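Each chain, letter by letter, is given below.
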Amino acid sequence: MHNGAKNDRCKILTKTSPSSTDPEPTSSFSAGSEIRCRFSRTGTREVVDGTAASPVDCEIRVPAGTTVTASDRVRLTKRNGATVSEDYAIVGEPWALKGEIALNCQLLIGNSAR
């Protein structure tokens, strides 16, 4: 991973299945261990997400071998060494780069359902 990433940290929030007995099932997420990552603001732009275009705010890169899917989320815990707590939805499928996995992400605000 690029040297500029050493001060950024995040957690992958893995989507868990709702209980089959829940009358109004909602998704919940389980946080994994803190890992190093690289956060880059992209400015709002659109990427193709399946058959539609979706807006993205940033790209987050995590180490190769990290288990992450498009249904997961990312919690940014440190940016440039400063403690933060920001949750991001992953837009589209993660893609592999040399030594990294890149994720297009959209900042979640409030109770965003994405």
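Calculation criteria
- Along each chain, residue indices are assigned from 1 in the same order as the chain's sequence is written.
- In keeping with the model being predicted, local features are shown solely for residues with a pLDDT of at least 70 and side-chain atom pairs are shown and tallied solely at 80 or more, while totals for entire chains, interfaces and linings include all residues.
- Note that water and hydrogens are dropped before the side-chain values are worked out from all heavy atoms of the structure.
- Salt bridges are counted wherever a side-chain nitrogen of Lys or Arg sits within 4 Å of a carboxyl oxygen of Asp or Glu.
- Runs of H or I in DSSP of at least four residues are treated as helices and runs of E of at least two as strands, each being numbered from the N terminus.
- The buried label applies to any residue whose accessible area, calculated with a 1.4 Å probe on protein chains only, is under 20% of its type's maximum; exposed applies above 50%, and partly exposed to all values in between.
- In this description, a nonpolar core means a group of buried Ala, Val, Leu, Ile, Met, Phe, Trp, Tyr and Cys residues linked to one another through side-chain atoms lying within 4.5 Å.
- Residue contacts are defined here by distance: any two heavy atoms, one from each residue, within 4.5 Å place the two residues in contact.
- Each Phe, Tyr or Trp ring (for Trp, its six-membered ring) is paired with any other whose centre lies within 6.5 Å, and the angle between the two planes then decides the class: stacked below 30 degrees, edge-to-face above 60, tilted in between.
- For a lysine, the NZ atom is tested; for an arginine, the CZ atom; a charge sits over a ring if that atom is within 6 Å of the ring centre and within 35 degrees of the ring normal.
- Strands are treated as partners if at least two bridges between them are detected by DSSP.

Student: Can you help me understand the pattern of salt bridges in this one?
Tutor: For side chains of opposite charge, pairing can occur when their charged atoms come near one another. One pass over the full model with this rule turns up five salt bridges. With its nearest N and O atoms 3.1 Å apart, the salt bridge here joins E100 to R61. Taken together, the positions of E100 in strand β9 (residues 100-107) and R61 in strand β5 (residues 52-63) put the pair 39 residues apart, joining distant regions of the chain. Exposure remark for E100: the relative accessible area of 5% places this residue in the buried category. Owing to a relative accessible area of 21%, R61 belongs among the partly exposed residues under this scheme.

Student: Just to check I follow, could you spell out unusual backbone geometry for this structure?
Tutor: Backbone phi values are negative for most residues with the exception of glycine, while trans is the configuration of most peptide bonds. Within the chain, N80 stands out as a residue other than glycine whose phi angle is a positive 55°. For N80, the position within the fold is in the loop between β6 (73-79) and β7 (82-90).

Student: What exactly am I supposed to notice about the nonpolar core here?
Tutor: As a rule of thumb, nonpolar side chains are buried together in soluble globular proteins. Counting 15 residues, the largest nonpolar core has I60, V62, V74, Y88, L103 and C105 as its most contacted members. Among the secondary structure elements, those contributing two or more residues to this core are β1 (9-16), β5, β6, β7 and β9. Setting aside chain neighbours within four positions, we find V74 in contact with C10, K11, I12, L13, I60, E86, D87, Y88, I90 and L103.

Student: Please clarify how the environment of L97 should be interpreted in this entry.
Tutor: In this fold, L97 is placed in strand β8 (residues 95-97). Expressed as a C-alpha distance, the spacing of L97 and R61, which sit 36 residues apart in the sequence, is 9.2 Å. Setting aside residues up to four positions removed in sequence, L97 forms contacts with R61 and A102.

Student: It is not clear to me how the packing of aromatic side chains should be interpreted in this structure. Could you clarify?
Tutor: The geometry of an aromatic ring pair comes down to the distance between the two centres and the angle between the two planes. For the coordinates displayed, the defined rule picks out one aromatic pair. Between F39 and Y88 the ring centres are 5.8 Å apart and the planes differ by 55°, which places this aromatic pair in the tilted class. With F39 in strand β4 (residues 38-49) and Y88 in strand β7, this residue pair connects regions lying 49 residues apart in the sequence. On the basis of relative accessibility, which here comes to 11%, the residue F39 falls in the buried class. Judged by relative accessible area, Y88 falls into the buried class, the value being 0%. One Lys or Arg, R79, reaches over the ring of F39 and ends 4.7 Å from the middle of that ring.

Student: Help me out: how do you make sense of the pairing of β6 in this one?
Tutor: Remember that side chains alternate between the two faces of the sheet whenever the strand is regular. Summarising the sheet, β1 and β6 pair through five bridges and their orientation is antiparallel. Looking at the pairing, I12 lines up with V74 of β6. The pairing of β6 with β7 spans six bridges and is antiparallel. Considered in β7, the bridge of R73 is made with A89. From the end of β6 to the start of β7, which pair antiparallel, there are two residues, and N80 there has a positive phi angle of about 55°.

Geometry only, nothing functional implied.
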